[in-house]
Amino acid sequence: MNEHKLKIILAILVGIFFAFVFIILAFVLPAKEEEAVLIKKPTNLLEEVSQSLREK
């Protein structure tokens, strides 16, 4: 009977331990990396027309 209780207690403690590990990882690791947005100025007439069409 004591062995059965010991297994239950160990299973609960291991579950709590892994839950805390995953909670800590959720706060430490970023969910999504932000991408840098580069805005390129048009260098010729075709790029200017393309950009003006995209803005509409």
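Summary of the structure given here. All values derive from a computational prediction rather than experimental measurement.

### Describing the pattern of salt bridges
Using the criterion set out here, one finds two salt bridges in the structure. A salt bridge links Glu3 to Lys7, with the nearest nitrogen and oxygen atoms 3.7 Å apart. With Glu3 and Lys7 both in helix 1 (residues 2-28), this residue pair falls four residues apart, about one helical turn. Each member of the pair, Glu3 as well as Lys7, carries the same accessibility label: exposed. Lys40 is the partner of Glu47 in a salt bridge, and the nearest nitrogen-oxygen pair spans 3.5 Å. Classification of Glu47 as partly exposed rests on a relative accessible area of 26%. Owing to a relative accessible area of 60%, Lys40 belongs among the exposed residues under this scheme.

### Observations concerning the environment of Lys41
In this structure, Lys41 sits in the loop between helix 1 and helix 2 (45-55). For the pair Lys41 and Gln51, spaced 10 residues apart in the sequence, the C-alpha separation amounts to 9.1 Å.

The rules behind these values
- Residues take numbers from 1 onward in each chain, read along the sequence in its written order.
- Local features in this predicted model are restricted to residues whose pLDDT is 70 or higher, and side-chain atom pairs enter the listing and the counts only when it is 80 or higher, whereas totals over whole chains, interfaces and linings include all residues.
- Note that water and hydrogens are dropped before the side-chain values are worked out from all heavy atoms of the structure.
- Any carboxyl oxygen of Asp or Glu within 4 Å of a side-chain nitrogen of Lys or Arg constitutes a salt bridge here.
- Per the convention used, a helix needs a DSSP run of H or I reaching at least four residues, while a strand needs a run of E reaching at least two, with both numbered from the N terminus.
- Think of it in three bands: with a 1.4 Å probe and only protein chains considered, a residue is buried below 20% of the maximum accessible area for its type, exposed above 50%, and partly exposed in between.

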